[in-house]
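Remarks on the overall topology
Okay, here's what each chain looks like letter by letter:
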Number of protein chains: 2
Amino acid sequence: MEQTKALLAVLQHRSPWRRPVWFMRQAGRYLDEYRRTRAQAGSFLDLCYNPDLATEVTLQPLRRFDLDAAILFADILLLPQAMGVDLSFQAGEGPVLSPVRTEADVNRLRREEAAADLTPVYETVRNLRAALPAHVTLIGFCGAPWTVATYMVEGGSSPERLRARLAAMRAEPWFDALMDRLIEASAAYLAEQVKAGAEVVQIFDTWAGDLGDGLREKYVIRPVREIIRRLREKGAEVPVIGFARGIGAAQLQFARETGVAAVGCEAGMPVSYMRDVLTPEVVVQGNLDPLAVIAGGDVLREGVRRLLTLPKERHIFNLGHGFRPETPVEHVQEMVRLIRSEDDAG
Amino acid sequence: MEQTKALLAVLQHRSPWRRPVWFMRQAGRYLDEYRRTRAQAGSFLDLCYNPDLATEVTLQPLRRFDLDAAILFADILLLPQAMGVDLSFQAGEGPVLSPVRTEADVNRLRREEAAADLTPVYETVRNLRAALPAHVTLIGFCGAPWTVATYMVEGGSSPERLRARLAAMRAEPWFDALMDRLIEASAAYLAEQVKAGAEVVQIFDTWAGDLGDGLREKYVIRPVREIIRRLREKGAEVPVIGFARGIGAAQLQFARETGVAAVGCEAGMPVSYMRDVLTPEVVVQGNLDPLAVIAGGDVLREGVRRLLTLPKERHIFNLGHGFRPETPVEHVQEMVRLIRSEDDAG
């Protein structure tokens, strides 16, 4: 049955039976049924830590749309929480974390042993693996060390992440120690997800674009490469998708130097450049603007058409960023229909 | 004396006597003398519209640092104000504009005749041209139509500019009409600056990275090309620097298709990619991270060193984004010393 999974086929350089499609934030607030389950769960973190409900919301988009992958429902900040950081989500305010800004703060954080605590996440993964149809690939994920570190250093979201960027730039020893702990813990966390049944993992580096030459190698590329090395050491042979958002013209370098099987491309990245990034080893994923799905009509059609010019053996159809809550469900249906019509024609 | 202007030489494909250097927001809050003049002026807009004080703040960084260009002190929102939009700056809140969101709103806006009202700006340009040393090039500027339109549509700053992006995506007729008026008014505004003495103009497209394939051509590339065409029609032959921030891997396309003499490169853009963007027609400007100037020390030295590997006949040293208010003046001095030491050695 393995060859029926189009996503896995593309990532393993085998010919897929159709172009694989999934969407970032495909489980989310644009779906009524998600909002109902979310209300039932209590807080957002309650939902993440409830295997039954997290399984349910992961499966919801697959009941509506003909997709090739499910992505574990969780949050990139569960791992720092397990490492010892206080975490809460304030309505409309985003995450609030106890800040990590000194050597003492870092020394208090747990390393890879933190991953062992995230048992509800692994239970969700096991549930999903049992529940998913044979053609659907299960994706696990974590935040990239740089992105997670920005939230830890800033104590939450921050428009410019100046404190984290200055700490990185100055190579503060406590910051480098924080990155090392995050690399260790992230590798252990992903390895556990794989043990529980994740077939692919994606590493989300939302703020990769913060770092220029020199820092990019140290805090974006090396951590991803190191996580992959540790995964292999632990016997986890799954393909890794790296999503280094905002990286622009450094995507090529990221693709070549990390060891990822695929690179997620941000919205706005030219399709012609995505074509340049393709190598025999690395496929591309992305990158329809989520706003094109809100706009619908010709804009959506044209955006899909442009991406279908990428070879379907080397491309995973996705958005360039997650769905927004105001996305009309009918536009998502239309988008999937447009993508699938290519296979009908072929 | 013309050949003593290093910036102009590089933009005109002549050999400069040294690598030209200037900095975005070189006149600004990181300088004590700026803060004093600013307090004396009253509001920020009072400062922009006071030719004596605007001249003074433009000249201030040149008294401290050995730079190759002065850039007119003004704001990209003066032009929409002249077109008929209400504008104010709230302390700590950024600009507030009367929003433009309908055909009626657009029809009320003045076109190129708006430029005639900005006489204090042209007086500042004339003052500067008379005051500047012979080796310093005077740069005029305007906001790019897309960026200015985002402020007009949103009614101010906005973290994601969703309303403007959706209007562009949907090709709303009123939005296209707004862009046309901005193109006309911007070309007239720049032509007046050139008439008053600006030797180079820069077009700031801060939010160019908002737009992907298809929209980029329509709302970023075409407007800049069209402004340049109109400038030439009006007899203004000055070189144009295009700064399309956030454009990432589309910089190459922007450089090739707009007709600019130079592209400003954002912080984070790999120096190797800047080298790829260089063509016989287009030179690169940028792109030291302003945070590296705050950090100082090895970070600053290494960042400067990396940029000095670009050929000095084809590169204008600058930041990748404007100076931040907390920038230590001694670090700016050190940066200029590091750049100049290349010429001493050569």
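Criteria and cut-off values
- Residues numbered from 1 in each chain as written.
- Chains lettered and ligands numbered in written order.
- Predicted model: local features only at pLDDT ≥ 70, side-chain atom pairs only at ≥ 80, totals over all residues.
- Helix = DSSP H or I, 4+ residues; strand = E, 2+ residues; numbered from the N terminus.
- Rg over C-alpha atoms; globule rule 2.2 N^0.38 Å.
- Buried ≥ 20, exposed ≤ 12 C-beta atoms within 10 Å, placed from the backbone.
- Contact = placed C-beta atoms within 7 Å.
- Pairing = 2+ DSSP bridges.
- Axes fitted to C-alpha atoms, helices over the stretch in contact; angles between N-to-C directions.
- Nonpolar A, V, L, I, M, F, W, Y, C, P; charged D, E, K, R; others polar.
- Least-squares fit on C-alpha atoms with pLDDT ≥ 70 in both.
- Right-handed = clockwise from strand over helix to strand, strands pointing away.
- Expected span 1.5 Å × (residues − 1).
- Parallel < 35°, antiparallel > 145°, perpendicular 65-115°, else oblique.
- Left-handed = near helix turned anticlockwise from the far one by under 90°.
- pLDDT = per-residue confidence, 0-100.

**Brief notes about the overall build of chain A**
Within chain A one finds 16 helices and nine strands. Against the 2.2 N^0.38 benchmark of 20 Å for 346 residues, chain A shows a C-alpha radius of gyration of 19 Å, consistent with a compact globule. C-alpha atoms of chain A, sized along the principal axes, occupy 60 × 45 × 40 Å. The proportion of buried residues among the 346 residues of chain A is 57%. Considering only residue pairs separated by 6 or more positions, chain A has 73% of its internal contacts joining residues 24 or more positions apart.

**Quick look at the sheet that holds strand β8 (residues 283–288) of chain A**
All names here are of chain A. A sheet is described by the order of its strands in space; here seven strands give the open sequence β1-β4-β5-β6-β7-β8-β9, paired in parallel fashion. The sheet terminates laterally at β1 (69–71) and β9 (315–319), the two strands that pair on one side only. Between one strand axis and the next, the sheet turns by 25° as a mean value, whatever way the strands run. For β1 and strand β4 (residues 137–143), the ladder comprises three bridges, and the chain directions are parallel. The partner of Ala 70 across the bridge, within β4, is Leu 138.

**Some details on the sheet that holds strand β5 (residues 200–205) of chain B**
Residue and element names in this part refer to chain B. Reading across from one edge, β1-β4-β5-β6-β7-β8-β9 is the order of the seven strands in this open sheet, with parallel pairing throughout. Unpaired on one side and paired on the other, β1 (69–71) and β9 (315–319) mark the two borders of the sheet. Here the strands of the sheet are splayed against their neighbours by 25° on average, with no regard to which way each runs. Bridge count for β5 against strand β6 (residues 240–244) is five bridges, and the pairing is parallel. Residue Phe 204 lies in a different strand from β6, and its bridge partner there is Phe 243. Sitting on the sheet, helix α10 (residues 173–196) touches β4 (137–143) and β5, and the angle it makes with β4 is about 165°.

**Details of the interface of chain A and chain B**
Interface size is commonly expressed as the accessible surface area that is lost when the partners come together. Facing 29 residues of chain A, the contacting portion of chain B comprises 29 residues. Taken together, the elements giving at least two residues each to the side of chain A that touches chain B come down to α9 (162–169), α12 (251–258), α13 (271–277), α14 (290–295) and α15 (297–307) of chain A. Broken down by element, the residue count for the side of chain A that touches chain B peaks at four residues, all from α14 of chain A. Here the side of chain A that touches chain B is composed, by residue class, of 16 nonpolar, seven polar and six charged.

**Description of the pairing of β4 of chain A**
Residue and element names in this part refer to chain A. In terms of burial, β4 is largely enclosed, as seven of its seven residues are buried. With burial as the criterion, each face of β4 is covered, one bearing Thr 137, Ile 139, Phe 141 and Gly 143 and the other bearing Leu 138, Gly 140 and Cys 142. Judged from the five bridges that link them, β4 and strand β5 (residues 200–205) form a sheet pairing that is parallel. Residue pairing in the sheet places Ile 139 in a bridge with Val 200 of β5.

**Quick notes on the relation of the copies chain A and chain B**
Note on the identical chains: chain A maps onto chain B by a rotation of 180° and an axial translation of 0.0 Å, with an RMSD of 0.0 Å. The relationship between the two copies is best expressed as a two-fold rotation axis. In this assembly, 100% of the residues forming the interface of chain A have copies in chain B that are likewise at the interface, indicating an isologous arrangement.

**As for unusual backbone geometry**
The linkage connecting Gly 286 of chain A with the following residue, Asn 287 of chain A, adopts the cis geometry, with an omega of -15°. The backbone phi angle of Arg 25 of chain B is positive, close to 55°, even though this residue is not glycine. Within the secondary structure, Arg 25 of chain B is located in the loop between α1 (6–11) and α2 (32–41). By the C-beta count within 10 Å, which is 19 here, Arg 25 of chain B ends up partly exposed. The phi dihedral of Arg 161 of chain B is positive, around 55°, even though this residue is not glycine. Tracing the sequence through the fold places Arg 161 of chain B in the loop between α8 (145–154) and α9 (162–169).

**Describing the pairing of β5 of chain A**
Residues and elements named next belong to chain A. Across the six residues of β5, six count as buried, placing the element largely inside the fold. Alternating residues of β5 divide into Val 200, Gln 202 and Phe 204 and Val 201, Ile 203 and Asp 205, and every residue in both groups is buried. The parallel pair β5 and strand β6 (residues 240–244) is bridged by helix α11 (residues 215–233), and the resulting crossover is right-handed.

**Some points on the environment of Leu 79 of chain B**
All names here are of chain B. Following the sequence through the fold, Leu 79 ends up in helix α5 (residues 78–83). Separated by 107 residues in sequence, Leu 79 and Ser 186 place their C-alpha atoms 7.5 Å apart. Apart from the residues lying within four places of it in its own chain, the contact partners of Leu 79 are Ala 114, Cys 142, Gly 143, Val 148, Ala 185, Ser 186 and Tyr 189.

**Regarding helix α11 (residues 215–233) of chain B**
Residues and elements named next belong to chain B. The end-to-end C-alpha separation of α11 is 26 Å, in line with the 27 Å expected for 19 residues at 1.5 Å each. Every buried residue of α11 is accounted for by Leu 215, Arg 216, Tyr 219, Val 220, Ile 221, Pro 223, Val 224, Ile 227, Ile 228 and Leu 231. Buried-residue contacts for α11 involve α8, α9, α10, β5, β6 and α12 (251–258). Two residues or fewer after α11 comes Gly 235, characterised by a positive phi angle close to 85°.

**Describing the packing of α8 of chain B against α10 of chain B**
Residues and elements named next belong to chain B. Put simply, α8 and α10 touch, their axes get as near as 10 Å, and they point 125° apart. In this view, α8 runs oblique relative to α10, as classed from their interaxial angle. Regarding α8 and α10, the two cross each other, and that crossing is right-handed. Here Pro 145, Val 148, Ala 149 and Met 152 of α8 come into contact with α10, specifically with Leu 178, Met 179, Leu 182, Ile 183 and Ser 186. When the residues that make up the contact of α8 with α10 are grouped by side-chain class, the tally is eight nonpolar, one polar and no charged.

**Quick look at the confidence of the model for chain A**
Of the residues in chain A, 98% reach a pLDDT of 70 or more, and the chain-wide mean stands at 96. Interface scoring of the predicted complex returns ipTM 0.95; its pTM is 0.96.

**Here's the deal with the packing of α2 of chain B against helix α4 (residues 51–64) of chain B**
Residue and element names in this part refer to chain B. Orientation of α2 relative to α4, taken along the N-to-C sense of each, is 170°, at an axis distance of 10 Å. Our classification of the angle between α2 and α4 gives roughly antiparallel. Along its contact with α2, which presents Glu 33, Tyr 34, Thr 37, Gln 40 and Ala 41, the element α4 presents Leu 53, Glu 56, Val 57 and Gln 60. Among the residues forming the contact of α2 with α4, the class breakdown is four nonpolar, three polar and two charged.

**Regarding the environment of Asp 205 of chain B**
Residue and element names in this part refer to chain B. When you line up the elements, Asp 205 lands in strand β5. The class for Asp 205 is buried, based on 28 C-beta atoms found within 10 Å. The sequence separation of Asp 205 and Glu 233 amounts to 28 residues, and the corresponding C-alpha distance is 22 Å. With near-sequence residues (within four places) excluded, Asp 205 lies in contact with Ala 144, Trp 146, Thr 147, Val 220, Phe 243, Ala 244 and Arg 245.

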